[in-house]
Amino acid sequence: MAKISLLLACHLRHCPPKQLNTRILMLRSPASIPPIIAVLCLGFASIGSLSAQQPAPDPTQLTANELLSAARGAYDAGDWPQAESLFQSFIDTYGGTPEAADTSRKMKPLLVISKLRQKKYADTLELLEETLKDPVLDPVSADELAFWRGICHLQTEAHDPALAAFNEFHSGKLPYVISLPPAHRSIHNGRRVEAIILHAVCLILKEDHPAAAQFLGEQIPNLRQLNREAAGRATVLRLHSLLASNDDNTALQLVKETFTRLEEISQIVAFQTLSLQLGAKLLEQERFYDSIACLQRIWPKKRLLAHQQTSLANFKTRLAQVQKNPAQEYLAFQYDGLITRIEREIKNFESIPNFDSALRLRVATAYQGLYRYREAALILDDMLQNMPVDDIVIAASLNLIQCWLQVERWPNAIAAADTYLEKFNTPENQANIPTVHFLRATAFHSDRQPYEAELAFTTVHNKFPDHELAPRALFMEGITLLEQDLNLEAIDAFNETARRYPDSDIIEDTHYWTGMALSFDKQHEKARQHMQEHLARYTDHPRYRPDAKFRIAHATFALADYPLAITELRQFIDEHRGTQFAEEAKLLLGDALGSEGKIDEAIAAYLTIDRDANPKFFEDAQFRVGNIYKLAERFDTLRDHFQTFIADHPKSQRIGEAVYWIGWTHDTSGDRDLARQTYWKTIDQYGPNPEITGIESILTALTKLYPGEDGREQLSKELEALIANSTDSNPTLTLRATWAKANLVQKTDPDAAQKLLISLRPTLDPKIHAPLISADIADALRQANQLDPARELYTDLRKWHPRALEKDRAYFGLGMIALTQKQPDEALKHFQRFEKETLGSSLLAQVYQIKAQLHRDKNRYAEAQAEYEKVLEMPTAPRQIKAQTLLNLGELLVQSKNDLKATAYFERVYLSYGRYLPEVASAYWQRAQALDRLNQPDKALEVYLELAQRPDLVAQSQQQDAIQLLNQRNPQWRFQNNAPVQETKLEK
């Protein structure tokens, strides 16, 4: 009963005493009753309110008239116990006399009301039923008591009789209804409406919720026509019944239908609270769309309270108005009860913590369940920015980071994590701080910011070494070090993970990735041994078994043991088909077979690669096959091969590369015009698409197709027209064409080329555009001393294209920037990474020279000499660089006080590299100086003479120095015909 006591409160007040008394007096006219009764009735009509403060009279000392007057006075004063006692005394004393029998019968309704006002429902029922059976009971009183009969049964928890009473009342089956005076019809209709609602209340109390929901569903449309406020209360009860019946679909439909009528719901707080319960239930059932549909129809707490307070104020105004009209006293009791319920609902609702944040979090969670993380993130972000901080907002903020991670909005995730750490890093909220740091590090890592990720992961395991995420954070620190090419440092991190957290579930991961680090560091023999050890150590359900076996074969291939690599790769392919490394193994197998001269087998291996399994390795294989045909000078076969590739794979991103080789075969075969047509057609078709690679190779190749001055002028005009036609509509094509124009004028006007390249920086997107263009623009910026944008572009090139051929220029450029900014250690670090990652680069000899000079500057002569020796051992190093290296080695030996050995290096310069005059002149001079320091003046004189007499060195300052020195030592030297002169002529 307690859960609906307030709902019933208004129904217990529908019998105003003055009204009921007036109705009873109207039962018969005074002329039709005995004189004494007539006097009593007249007295009844004229009696005023008896003061409740008067002492209770003794019924035995009162006459019949006095007793009746006293009872009426107590009744009017609301002294219900006194009224009950006096009415009962009158009935007991005079009810048996014929003269007072009729008056006693008429007093019984008043006695009933007096008892009911004292909540004596059980004691009153018998008398109430007896009174209702009075055949001459007037329709007005019968209507009132019939309504109270249902309430009495309800209050005594006799739900079935109450249900029958209310059903009889609202169904219109009571016979007296047709006899009600017109003035009382509206009163009856008001009670009938309440009887409908109380009918439903009975069903709810019987826990027959399906029947209650069905009954209310049938009644609400009619109620909405009779009384919208009552229809609103019925809607609240129906939603409650539907939820209790687990009829969630109908409940959701009711929420949707009612949304446009929320203004009509007097108990809107109750309705929306039930809606929130429904939305949460649907969310738990993973009915995410339905949950969103429900939850999005719930108002914010502030709006709900404002609406409910407005409704409450309106009812209070109505109550004040009807209290002034005795005829509307039943409405006063109705409004009074409703106000009481609304005030209690407001109080309870205001005590609900975090209503708005809980609502928004549930909506966001539903979107997450639909994998619509962006919508979830936007909701959560709005919570974080605009809602007051509470536990749910804090939880939502953590959820926000995860949502941004799911939609790969890495900067947003980082910003959300930073905001969380700024706002919520308090002593009472430390539980989630390590997780937030870890998620922040994960965002940096996913955003390809390995250095920042490294620092963030380090924070986790350093500040929170005992947290469950600490081992993984330390492991991930090692991964980020690998991504920065700090392979040895990564190995240290993996080893530290195993040492600090030997029982962690990532020990197997650290051991495997240690082997990977050795492989990345090109320590292939150690990597092979480590992976073999890994297979021997982890035998029970090893996580990395296929990966480790592939790495063993990969290391064998890298060690150039091709026969063994072929065996291992074939075995791996047979045992691990369908794994992530199977197609790469086929590619390596083709390379190994090709290296052994087994060309047909190599082609066969390449052609077994499954495009669906790995499109990248499939296309790599196709271009390797094409290269075989090129080397074999099977140009027609090469052209057919790539034409077939384009026809079979028209959406391939490497179509530009294929077209390049087709055009190359046309040019090689002497059909230059067809090559030009092929290239221009491809540029027009695919040039605007940055995803199509090879367009840059085609643009570069055009330079060879337009030879001579006239050809370059014609090509320049073609490129300018292309730029003009694409500037507004095709920024990528404009970028490519302008880059090609810069390359075209590079030799004839390097300043103009540099300006063109720098002008392209705002258009360039390093993520999607060719790394070759990025490298050229970065070089131009560096050479123009715009070091910061150059550094940024080199870094982006490495970030977005870690395997591009141009990564050598990125490392080289970063090193040169560090040199310019007088950061030799930083420069050396970049050059060392260059050496490890790009051994085949044409810049390698220059890098060795720079590294040697850096070592020389720090007096590390042995390290410097080792770098110089690497240059001399390079068969591909340019001869001038080798001459410079010999010169540098001689100077290094001079610095090391080893003049004798230095003379040999100086001599090699002018004997073997005579065409490089600045180096030759310097070598002559420095060798002669070294001989002087060795006290060999005759030999020194011979070298000075040779330097002075070489006509091709006239422009070199060292010859003038030699002449001046010879003039001082021997003024007659010009007239001497000695051996050195003859040697010079012989050499010449």
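Because the structure is predicted, anything quoted here is derived from the model rather than measured.

Inspection of the secondary structure assignment puts Q958 in helix 50 (residues 957–969). Filtering out sequence-adjacent residues up to four positions away, Q958 remains in contact with A921, S922, W925 and L947.

Scanning all chains against the criterion turns up 56 salt bridges. R233 serves as the salt-bridge partner of E229, at 2.7 Å between the closest nitrogen and oxygen. You can see E229 and its partner R233 sitting in helix 12 (residues 228–244), four residues apart, about one turn around the helix. This pair shows no difference in class: E229 is buried, exactly as R233 is. D620 is the partner of K616 in a salt bridge, and the nearest nitrogen-oxygen pair spans 2.9 Å.

Here the focus is the nonpolar core. In this structure, L239, L278, L380, M383, I401 and Y420 are the most contacted members of the largest nonpolar core, which totals 102 residues. Residue contributions to this core peak at ten residues, all from helix 20 (residues 391–406). Each residue touching L278, except ones within four places of it in the same chain, is listed here: L243, D248, A251, L252, V255 and C294. One finds A70, I91, L198 and V201 within the second-largest nonpolar core, a separate group that totals 64 residues.

Taken as a whole, the chain is organised into domain 1 (307–325 + 339–352), domain 2 (635–724) and domain 3 (736–929). Taking only C-alpha atoms, the centre of domain 1 and the centre of domain 2 are 82 Å apart.

A few words on empty space enclosed by the protein. Applying the stated criterion across every chain yields a total of two cavities of 30 Å³ or more. Reported here for the second largest cavity is a volume of approximately 40 Å³. Contributing to the lining of the second largest cavity are R224, R228, A231, G232, T235, T258, R261, E264 and I265. When its residues are assigned to classes, the lining of the second largest cavity shows two nonpolar, three polar and four charged.

In this section: the packing of aromatic side chains. Here the structure, examined in full by the defined rule, presents 24 aromatic pairs. Centroid distance F623 to F642: 4.9 Å. Interplanar angle 40 degrees. Geometry classified as tilted. With F623 in helix 32 (residues 615–631) and F642 in helix 33 (residues 635–648), this pair connects stretches of sequence that are 19 residues apart. A residue is classified by how much of its surface remains accessible, and F642, at 1% relative accessible area, is buried. Cluster of aromatic residues (ring-pair linked, three or more members): F635, Y660, W661, W664 and Y679. Across from the ring centre of W80, 5.7 Å away, lies the NZ or CZ of R117, which sits over that ring.

Position of E157 relative to the elements: it lies in the loop between helix 8 (139–155) and helix 9 (159–170). Between the C-alpha atoms of E157 and L205, which are 48 residues apart in sequence, the distance is 8.7 Å.

Following the criterion strictly, the structure yields zero disulfides and no others. The thiol of C202 is not disulfide-bonded; the next cysteine sulfur, from C152, is found 12 Å away. Taking relative accessible area as the criterion, C202 reaches 0% and is therefore assigned buried.

Our focus in this paragraph is helix 9. Taking 1.5 Å of rise per residue, twelve residues should cover 16 Å, and helix 9 covers 16 Å from first to last C-alpha, within 8% of that figure. Listed as buried for helix 9 are H159, A162, L163, A165, F166, F169 and H170. When helix 9 is viewed along its axis, its buried side chains cluster within an angular range of 165 degrees and face the same direction. Packing partners of the buried residues in helix 9 comprise helix 8, helix 10 (185–205) and helix 11 (209–226). Positive phi appears at G172, one or two residues downstream of helix 9, with a value of about 80 degrees.

Scoring rules and cut-offs
- Residues numbered from 1 in each chain as written.
- Predicted model: local features only at pLDDT ≥ 70, side-chain atom pairs only at ≥ 80, totals over all residues.
- Heavy atoms only, no water.
- Helix = DSSP H or I, 4+ residues; strand = E, 2+ residues; numbered from the N terminus.
- Contact = heavy atoms within 4.5 Å.
- Salt bridge = Lys/Arg side-chain N within 4 Å of Asp/Glu carboxyl O.
- Buried < 20%, exposed > 50% of the residue type's maximum accessible area, 1.4 Å probe, protein only.
- Core = buried A, V, L, I, M, F, W, Y, C linked by side-chain atoms within 4.5 Å.
- Domains from an automatic or database assignment.
- 1 Å grid on protein atoms, 1.4 Å probe; cavity = no way out; pocket = protein on both sides within 12 Å on 5 of 7 lines; lining within 4 Å.
- Points joined across faces, edges and corners; volume = space filled by probe spheres on them.
- Nonpolar A, V, L, I, M, F, W, Y, C, P; charged D, E, K, R; others polar.
- Phe/Tyr/Trp six-rings, centres within 6.5 Å; stacked < 30°, edge-to-face > 60°.
- Lys NZ or Arg CZ within 6 Å of the ring centre and 35° of its normal.
- Disulfide = S-S within 2.5 Å.
- Expected span 1.5 Å × (residues − 1).
- Arc of directions from axis to C-beta.

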